[in-house]
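# An overview of the molecular structure
If you want the building blocks of each chain, they are given just below.
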Amino acid sequence: MNKIEHIAFAVNSLEASIPLFEKLLGTACYKTETVESEKVSTAFFKTGESKVELLESLGKDGVIAKFIQKNGEGMHHVAFAVENIEEEIARLKADGFAFVNEVPKIGADNKLICFLHPKSTNGILIELCQERPQP
Ligand code: ZN
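Let us look at the structure shown here. (Residues numbered from 1 in each chain as written. Predicted model: local features only at pLDDT ≥ 70, side-chain atom pairs only at ≥ 80, totals over all residues. Heavy atoms only, no water.)

Moving on, we come to the packing of aromatic side chains. Within the structure shown, the criterion is met by three aromatic pairs. Aromatic pair tyrosine 30 and phenylalanine 44: ring centres 6.3 Å apart, planes at 45 degrees, arrangement tilted. Of the two residues, tyrosine 30 is situated in the loop between helix 1 (14–25) and strand 2 (31–35) and phenylalanine 44 in strand 3 (residues 40–47); the sequence distance between them amounts to 14 residues. Owing to a relative accessible area of 31%, tyrosine 30 belongs among the partly exposed residues under this scheme. Ring-pair connections join several aromatic residues into one group, and the members of that group are Phe9, Phe21 and Phe45. Just above the ring of tyrosine 30 sits the side chain of lysine 46; from NZ or CZ to the centre is 3.9 Å. (Phe/Tyr/Trp six-rings, centres within 6.5 Å; stacked < 30°, edge-to-face > 60°. Helix = DSSP H or I, 4+ residues; strand = E, 2+ residues; numbered from the N terminus. Buried < 20%, exposed > 50% of the residue type's maximum accessible area, 1.4 Å probe, protein only. Lys NZ or Arg CZ within 6 Å of the ring centre and 35° of its normal.)

Enumeration over the complete set of coordinates arrives at eleven salt bridges. Here lysine 105 makes a salt bridge to glutamate 38, at a shortest N to O gap of 3.0 Å. In this pair, lysine 105 is assigned in strand 6 (residues 105–107) and glutamate 38 in the loop between strand 2 and strand 3, connecting sequence segments 67 residues apart. According to the relative accessible area criterion, lysine 105 is partly exposed, its value standing at 30%. Note that lysine 39 is salt-bridged to aspartate 61, the shortest N-O span being 3.0 Å. Placement of lysine 39 in the loop between strand 2 and strand 3 and of aspartate 61 in the loop between strand 4 (50–57) and helix 2 (63–71) is noted, with a sequence separation of 22 residues between them. (Salt bridge = Lys/Arg side-chain N within 4 Å of Asp/Glu carboxyl O.)

Looking now at the environment of lysine 3. Structurally, the position occupied by lysine 3 is in the segment before strand 1 (4–10). For lysine 3, a relative accessible area of 36% corresponds to the partly exposed category. C-alpha separation for the pair lysine 3 and isoleucine 64, spaced 61 residues apart in sequence, amounts to 25 Å. When neighbours within four sequence positions are excluded, lysine 3 is seen to be in contact with Glu49, Ala79, Phe80 and Ala81. (Contact = heavy atoms within 4.5 Å.)

Note that every value here comes from positions in space, so none of it alone points to a role or purpose.
Here you go:
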């Protein structure tokens, strides 16, 4: 795996949290994007080589809403950049890691993504992401 691509935080409200993180990180949010299939609205900030992603649920039954009900707002997942997501999935599967989705899907910020299951990664939700060719 390459660098940490981004760290994602679950928040109740992007409207409230974007100004907070702009102040905290000293940089403007450069992108917001809704991913209907994942029931999330996202906001991105650049922090050097990596990014911070904020996630707000689109509905009360979305995964982020459920996460916040259970854990409160906070750290949600860490994403690692990979060159070839299919190869990484095959490598990790062969090593016994479990996946939430082992068929990559299209995520925010022009990425192919998949999630490892926290039960096989010490409770940490880990995302793999591969840059897609610019549309
Ligand atoms: Zn992510």
